[in-house]
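# Survey of secondary and tertiary structure
Here are the chains, one letter per residue:
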Amino acid sequence: MAYYQRTVAGFSRRELMKMAWTLGAAAIAQPLLSRRVLGKPIFDSYPFSVGVASGDPLPDGIVLWTRLAPKPLEGGGMPMNIVDVDWEIARDARFQAIVQHGTAVARPELGHSVHVEVAGLEPGREYWYRFRAGDEVSQVGRTKTAPPPGAPVDRLRFAVCGCQHYEDGYFTAFRRIADEQFDFVFHTGDYIYEGRADGGRSDRRQRQHNGDELYTLVDYRNRYAQYKSDRDLMAAHASAPWIGTWDDHEVDNNYAGDFDQDGTPPEIFALRRAAAYQAYYEAMPLRASALPSGSHMRIYRRLQFGTLIDLSVLDTRQWRSDQPCGDGGRTNCAERLAPSQTMMGAEQERWLFDNLATAKARWTVIGQQVYSFAFDRSKANPAAQFSMDKWDGYVAARQRLYQRLIDTKAPNPIVLSGDVHQHYGADLKMDFTDPRSATVGVEFTNTSVTTNGDGGDVGPTWEATRADNPHIRYHSNRRGYIACTATASDMRADFMIIDKVSVPDLPARIGGSLVVHAGRPGSNTD
Ligand code: FE
Ligand code: CA
């Protein structure tokens, strides 16, 4: 590719200073044919092919993200050089009031992704941002900082979404999320699926994965790029800051800590996990605190939204013990009760428990992956008992968490989850077998954006299952997302439904709603 050759005339003043320092002034007059930093590359196709994003809002800052990928499905198509990427952030979408700008570097080691941690912004304010590389300008993104610390906040609206299997349908839920311009979007994981093209899903395939099952860093990069080239997903990222966590499919179905589902030796699986984690970091608007180290990456973190929301984001994949009684199956065995079973690992559990002791906001929100409530399907269907991949396989860990919520009196706990490709709303009980036992909080579980295809009415066994699980207050087997509205008095979850994902661009409708009144444990249907 000849597009990186250029003459001195194209260098920035900063670069010329740097060159003068290293080469001596006489050398500047000579054209440079190769150089480590490319300040003004010329691209043969659009480099912002995977869009822009922002994330992890603070009262005074935000992460701005993009990735240069002129050939998104072929490793990115960038030269193995560092490339300068200019960014700017403004108070208006037309960039007439630019408040900050700068230059970041896109490095080959990180797939030419860019993570800019902007500080010094005003709290609770909308901003717009964009990037420039060479003569190419990115899409414009809207974002919003968190409210001032300790300040009252009238209202926050956020989406809860996850599970977007590319082959199962159109990402219409993301288009509708983009329409809503939320204060933030919480993603519960399964941002990609790792399977090969047409992995047994031909009956409902709308679109096809590129390539085989993912193992290498470039495999994972290309899969993220394929998903991110979707216009609806791009629009959702450009509409609001995202706060994400991962589940299993960012690496491999139902993996648990160091163990995959195929019995691969842990030291071998660690290599794959490292590749997958790095690609996740590269693809998300994360802070440098999440930079991968070996086969680990810290994504559990805490975010505060004034006096309204205290959000702890969990990672229930990386540090959990293996699923008991077989891998992710539905069963009921004594090991699922073992005190040694951990969902978060000891260090993260301590961190969360400290957060709960110091939580002061009106709503204590725990954003994570798999549902924490007990879900007993054994009476309606003896073959399907408890799912060992959920907190039902880690009962002692669940009891420690719920007990901690009671002991700390963390205000109004709300748990968010996804993973199961169906909407659920549930009251969380100290003892799920006793409806009279204490209600410790409420959980909202989002359905998938697309995974499992269109969906439909609930099955004929549902009423019996619900009778065995009276704490479950809402259920839908259709695709969509949850729109949450938090005020000082209420937390409202509108379970949004897209009737078909086999047809693009359908509207969203409210399938049902649950409301939690502050100070009164449990959910209500009005
Ligand atoms: Fe999923
Ligand atoms: Ca999952």
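Residues numbered from 1 in each chain as written. Chains lettered and ligands numbered in written order. Predicted model: local features only at pLDDT ≥ 70, side-chain atom pairs only at ≥ 80, totals over all residues. Heavy atoms only, no water.

## A short note on the domain arrangement of the protein chain
Stated precisely, the cut-off is as follows: Residue ranges for the domains originate in an automatic or database domain assignment. We call two residues in contact when some of their heavy atoms are within 4.5 Å. By buried area we mean how much accessible surface two parts lose on assembly, using a 1.4 Å probe and totalling the loss over both. Here, a salt bridge means any Lys or Arg side-chain nitrogen found within 4 Å of an Asp or Glu carboxyl oxygen. Helix numbers and strand numbers start at the N terminus; a helix is a DSSP run of H or I with at least 4 residues, a strand a run of E with at least 2.
Partitioning the protein chain into domains gives domain 1 (8–144) and domain 2 (155–525). Averaged C-alpha coordinates put domain 1 and domain 2 at centres separated by 33 Å. In this assembly, 35 residues from domain 1 lie in contact with 32 residues from domain 2. Across the domain 1 to domain 2 interface the summed buried area is about 2,600 Å²; carbon plus sulfur atoms make up 52%. Contact with domain 2 buries surface across domain 1, with Asp-56, Leu-73 and Arg-142 losing the most and accounting together for 25% of the total. Connecting domain 1 to domain 2 are three salt bridges. Among the salt bridges present, the one from Glu-117 reaches Arg-287, with a minimum N-O distance of 3.2 Å. Of all the secondary structure elements, the ones that give two or more residues to the side of domain 1 that touches domain 2 are strand 2 (52–55), strand 3 (62–67), strand 6 (113–118), strand 7 (126–133) and strand 9 (141–144).

## A few points about the coordination of the iron ion (ligand 1)
Here is the rule we go by: Water is absent from the atoms considered, so a metal site may look incomplete; donors are defined as N, O and S atoms within 2.8 Å of the metal, or 3.2 Å for Na, K and Ca. Just to be clear on the cut-offs, tetrahedral is four donors with all angles between 85 and 135 degrees, square planar is four donors and octahedral six with opposite donors over 155 degrees apart and all others between 65 and 115, and anything else goes down as irregular. Only protein chains enter the calculation, and the probe is 1.4 Å; a residue is then buried if its accessible area is under 20% of its type maximum, exposed if over 50%, and partly exposed in between.
With distances of 2.1 to 2.5 Å, the protein atoms coordinating the iron ion (ligand 1) are Cys-163 (SG), Asp-190 (OD), Tyr-193 (OH) and His-421 (NE2). Here the iron ion (ligand 1) binds four donor atoms, and the angle range of 89 to 161° at the metal identifies the geometry as irregular. The sequence pattern formed by the donor residues of the iron ion (ligand 1) is C-x26-D-x2-Y-x227-H. Judged by its relative accessible area of 1%, Cys-163 is buried. Residue classification places His-421 among the buried residues on the basis of a relative accessible area of 12%.

## Considering unusual backbone geometry
If you check the backbone angles, Asp-56 has positive phi at about 45° while not being a glycine. On the secondary structure map, Asp-56 appears in the loop between strand 2 and strand 3. You can call Asp-56 buried: its relative accessible area is 4%. Non-glycine residue Asn-412 carries a positive phi angle of around 45°. Mapped onto the secondary structure, Asn-412 falls in the loop between helix 7 (395–408) and strand 18 (413–417). For Asn-412, a relative accessible area of 18% gives the class buried.

## Side note on the state of the cysteines
Formally: Cysteine sulfur atoms are paired as a disulfide whenever they fall within 2.5 Å.
A full pass over the atoms with the stated rule returns one disulfide. The side chain of Cys-325 participates in a disulfide bridge whose partner is Cys-333; the two sulfur atoms lie 1.4 Å from each other. Residue Cys-325 is classed as partly exposed on the basis of its relative accessible area, which comes to 27%. Judged by its relative accessible area of 16%, Cys-333 is buried. Take Cys-161: it sits in no disulfide, and the sulfur closest to it among the cysteines is that of Cys-163, at 9.8 Å. For Cys-161, a relative accessible area of 0% puts it in the buried group. Left without a disulfide partner, Cys-484 is nearest to the cysteine sulfur of Cys-161, which lies 11 Å away.

## Considerations on the coordination of the calcium ion (ligand 2)
For the calcium ion (ligand 2), the full set of protein donor atoms is Asp-190 (OD), Asp-247 (OD), Asp-248 (OD) and Asp-419 (OD), at a range of 2.3 to 2.6 Å. Along the chain, the residues donating to the calcium ion (ligand 2) fall in the pattern D-x56-D-D-x170-D. Between the calcium ion (ligand 2) and the iron ion (ligand 1), the interatomic distance is 3.8 Å, and Asp-190 donates to each metal, bridging them. Of this pair, Asp-247 sits in the loop between strand 12 (242–244) and helix 5 (266–283) while Asp-419 sits in the loop between strand 18 and strand 19 (423–429), placing them 172 residues apart in sequence. The class of Asp-247 is buried, set by a relative accessible area of 1%.

## Digging into the pattern of salt bridges
On inspection of all chains with the given rule, the structure shows 32 salt bridges. Between Glu-88 and Arg-130 there is a salt bridge whose closest N-O contact spans 2.6 Å. In this pair, Glu-88 is assigned in strand 4 (residues 82–90) and Arg-130 in strand 7, connecting sequence segments 42 residues apart. The exposure class assigned to Arg-130 is partly exposed, which follows from its relative accessible area of 21%. Glu-349 is paired through a salt bridge with Arg-400; the nearest N and O atoms lie 2.7 Å apart. Of this pair, Glu-349 sits in helix 6 (residues 346–358) while Arg-400 sits in helix 7, and the two are 51 residues apart along the sequence. Here Glu-349 falls in the buried class, since its relative accessible area comes to 11%.

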